[in-house]
Amino acid sequence: MDQNIQIHDKLFKLFIPSEYIQDEVQSIADKLMVDYADKNPIFLVVLNGAFMFAADLLKHYTDSCDITFTKLSSYVGTTSVGKVTKQMDILINVSNRHVIIVEDIVDTGLTIEALKLNLFELNPASVEICTLLFKPEAFKGTESPKYQGFVIPNKFVLGYGLDYDERGRNLKDLYQLKE
Ligand code: 5GP
């Protein structure tokens, strides 16, 4: 397997191979199946980055659930611009429902904080975060995500849904920016 790839002007190295990702996704789904048994949760998938994680995760979540999408953005290139823009409304009634926000990565936490504030106005029964990747060194929020896959260093990553200026989302492995 090629260990390094070039995307636009930057070089990335293989970081987490697909087999490890798949094992982790299965174990997150197993936990969710236990915690949300008989709760018929709503999975709120944050586009675009979480599309691949959500697709794999929800194949393993075999109980009854609803799946919906929202779109937010805070990144330009490889840095967060610090302001979260909502690009798509939540098109499902979340009132009195258990909501699981599905994210590709929690970095500063600004995106999930903004989304949680929006959601709380809609009176959900509960809201939890499920993220494949978590960068604790960059995190500025108060509460770490309840469901987290890999805890990673504060370096830009791509692949498995995550992009660098819209490229690299289709890679099945995760890559990290090579310094
Ligand atoms: P936060 O609001 O937590 O700082 O960032 C969340 C969003 O920023 C993620 O959903 C993702 O779109 C983007 N992001 C944060 N870190 C990275 C990274 O290392 N690589 C990529 N491709 N996107 C990132």
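This text goes with the structure placed above it.
First, a word on scope: everything that follows refers to the structure included in this document. Residue positions within a chain follow its written sequence, with the count starting from 1. The model is predicted, so local features are restricted to residues of pLDDT at least 70 and side-chain atom pairs to those at 80 or more, both for listing and for counting; the totals for chains, interfaces and linings are taken over all residues. The side-chain figures draw on all heavy atoms in the structure; neither hydrogens nor water molecules are used.

**Regarding the overall build of the protein chain**
- Comment: elements are numbered from the N terminus, with helices defined as DSSP H or I runs of at least four residues and strands as E runs of at least two. When its secondary structure is counted, the protein chain shows three helices and ten strands.
- Ordered by position from the N terminus, the helices and strands of the protein chain form the series β-β-α-β-α-β-β-β-α-β-β-β-β.
- With C-alpha atoms as the basis for the radius of gyration, the globule rule is written as 2.2 Å multiplied by the number of residues raised to the power 0.38. At 16 Å, the protein chain has a C-alpha radius of gyration in line with the 16 Å of a compact globule built from 179 residues.
- Over its C-alpha atoms, taken along the principal directions, the protein chain stretches across nearly 45 × 35 × 25 Å.
- Relative accessibility under 20% of the residue-type maximum defines a buried residue, over 50% an exposed one, and the middle range a partly exposed one, all with a 1.4 Å probe and only protein chains included. Looking at the protein chain as a whole, 49% of its 179 residues qualify as buried.
- Restricting to contacts in the protein chain with at least 6 residues of sequence separation, those with at least 24 account for 68%. Any two residues whose heavy atoms approach within 4.5 Å at even a single point are treated as in contact.

**Some remarks on the pattern of salt bridges**
- A side-chain nitrogen of Lys or Arg and a carboxyl oxygen of Asp or Glu constitute a salt bridge if their distance falls within 4 Å. Per the counting criterion, the structure on display carries seven salt bridges.
- Measuring nitrogen to oxygen at the nearest pair gives 3.2 Å for the salt bridge that ties Lys59 to Asp56. Placement of both Lys59 and Asp56 in helix 2 (residues 51–60) is noted, with a separation of three residues, approximately one turn of the helix.
- You can call Lys59 exposed: its relative accessible area is 60%.
- A relative accessible area of 12% means that Asp56 is categorised as buried.
- A salt bridge links Asp66 to Arg97; its shortest N-O distance comes to 3.1 Å. Of this pair, Asp66 sits in strand 4 (residues 66–76) while Arg97 sits in the loop between strand 5 (79–88) and strand 6 (98–106), placing them 31 residues apart in sequence.
- Taking the relative accessible area as the measure of exposure, Asp66 reaches 26% and is therefore partly exposed.
- Each of Asp163, Glu166 and Arg169 takes part in a single network of salt bridges with overlapping partners.

**A few points about the side chain of Glu103**
- Within the secondary structure layout, Glu103 lies in strand 6.
- For the purpose of counting charges, residues Lys and Arg are taken to be positive, whereas Asp and Glu are taken to be negative. His and the chain ends are not included. Of the side chains bearing the opposite charge, Arg169 lies closest to the buried Glu103, which forms no salt bridge; the N-O distance is 9.4 Å.
- What Glu103 contacts, discounting residues up to four positions off in sequence, is Val46, Ala50, Phe53, Thr111, Ile112, Cys130, Thr131 and Leu132.

**Comments concerning helix 1 (residues 18–35)**
- Spanning 18 residues, helix 1 covers 26 Å between terminal C-alpha atoms, matching the ideal 26 Å at 1.5 Å per step.
- Within helix 1 the residues assigned to the buried category are Ser18, Ile21, Glu24, Val25, Ile28, Ala29, Leu32 and Met33. A helix is expected to reach a length of 1.5 Å times the quantity of its residues less one.

Read these as geometric descriptors, not functional statements.
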